Amino acid sequence: MLKTLFALGLLAGASSALAADCSAELEGNDMMQYNKNEIDVPKSCKEFTINLKHPGSLAKAMMGHNVVIAKSADVQAIASDGSGAGLDADYVKPGDTRVVAHSKVIGAGETTSVTFPIAKIEGDDYAFFCSFPGHYSIMKGTLKLQ
Ligand code: CO
């Protein structure tokens with residue numbers, strides 16, 4: 001058993017050394033929840049992509065989700081300003097320089113993605129969150145650069 005675990009560990013180490021996975025799969029559901037509260041971002045990646053899927057049945061006007069990347073300390077203020085920007089602006093204030101990157105807002109059965117340079121999330125605590133009004137306090141997670 002220990003030998004098997006050791007071998008698996010070696011395999012995992014070898015594959016990540018060859019090519020780090022520079023993307024992550026994320027879901028946002030009808031219960032106003034992401035399925036992850038933490039995403040590992042390998043430092044060896046140049047860019048990282050988060051693919052968001054809405055597996056629920058509610059429309060985006062009612063239970064829309066997006067992914068916004070920003071410093072953890074800025075999440076609340078960005079969400080507050082984004083709330084006023086409306087659905088047409090994907091609930092992100094146009095030209096908001098605190099936002100590293102964001103996806104569009106999606107509803108039931110839809111997918112979207114957001115890609116950002118690794119260099120933009122170095123040196124501070126960064127988060128991913130949904131800026132749909134009222135969602136950020138629950139739909140929020142940490143980007144772990146490692
Ligand atoms: Co949401």
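To keep things clear, this report deals only with the structure shown in the data block. Quick caveat: nothing in here was measured; it's all calculated off a predicted structure.

Sheet architecture is open: three strands sit in the order 1-3-6, paired in mixed fashion. The strands lining the two open edges of the sheet, one partner per strand, are strand 1 (23-27) and strand 6 (111-117). Averaged over all pairs of adjacent strands, the angle between strand axes in this sheet comes to 20 degrees, irrespective of strand direction. With five bridges joining them, strand 1 and strand 3 (residues 47-53) adopt parallel strand pairing. Looking at strand 3, one finds that alanine 24 is bridged to isoleucine 50.

On the protein side, the cobalt ion has His65 (ND1), Cys130 (SG), His135 (ND1) and Met139 (SD) as donor atoms, found 2.1 to 2.7 Å from it. Bound by four donor atoms, the cobalt ion shows angles of 81 to 130 degrees at the metal and therefore irregular coordination geometry. One chain supplies every donor to the cobalt ion, and in sequence these donors are spaced H-x64-C-x4-H-x3-M. Methionine 139 carries the same exposure label as histidine 135, and that label is buried.

All right, on to the side chain of aspartate 90 then. Counting through the fold element by element, aspartate 90 comes out in the loop between helix 3 (75-85) and strand 5 (99-102). For the buried residue aspartate 90, which engages in no salt bridge, the nearest side chain bearing the opposite charge is lysine 60, 5.9 Å off. Those residues in contact with aspartate 90, other than ones at most four positions away along the chain, are Asn66, His102, Ser103, Lys104, Val105 and Ser131.

Cut-off values and rules
- Residues numbered from 1 in each chain as written.
- Predicted model: local features only at pLDDT ≥ 70, side-chain atom pairs only at ≥ 80, totals over all residues.
- Heavy atoms only, no water.
- Pairing = 2+ DSSP bridges.
- Helix = DSSP H or I, 4+ residues; strand = E, 2+ residues; numbered from the N terminus.
- Axes fitted to C-alpha atoms, helices over the stretch in contact; angles between N-to-C directions.
- Donors = N, O, S within 2.8 Å, 3.2 Å for Na, K, Ca; no water.
- Tetrahedral: all angles 85-135°; square planar, octahedral: opposite > 155°, others 65-115°.
- Buried < 20%, exposed > 50% of the residue type's maximum accessible area, 1.4 Å probe, protein only.
- Lys, Arg positive; Asp, Glu negative; His and termini not counted.
- Salt bridge = Lys/Arg side-chain N within 4 Å of Asp/Glu carboxyl O.
- Contact = heavy atoms within 4.5 Å.

Taken by themselves, the reported measurements are silent on function.
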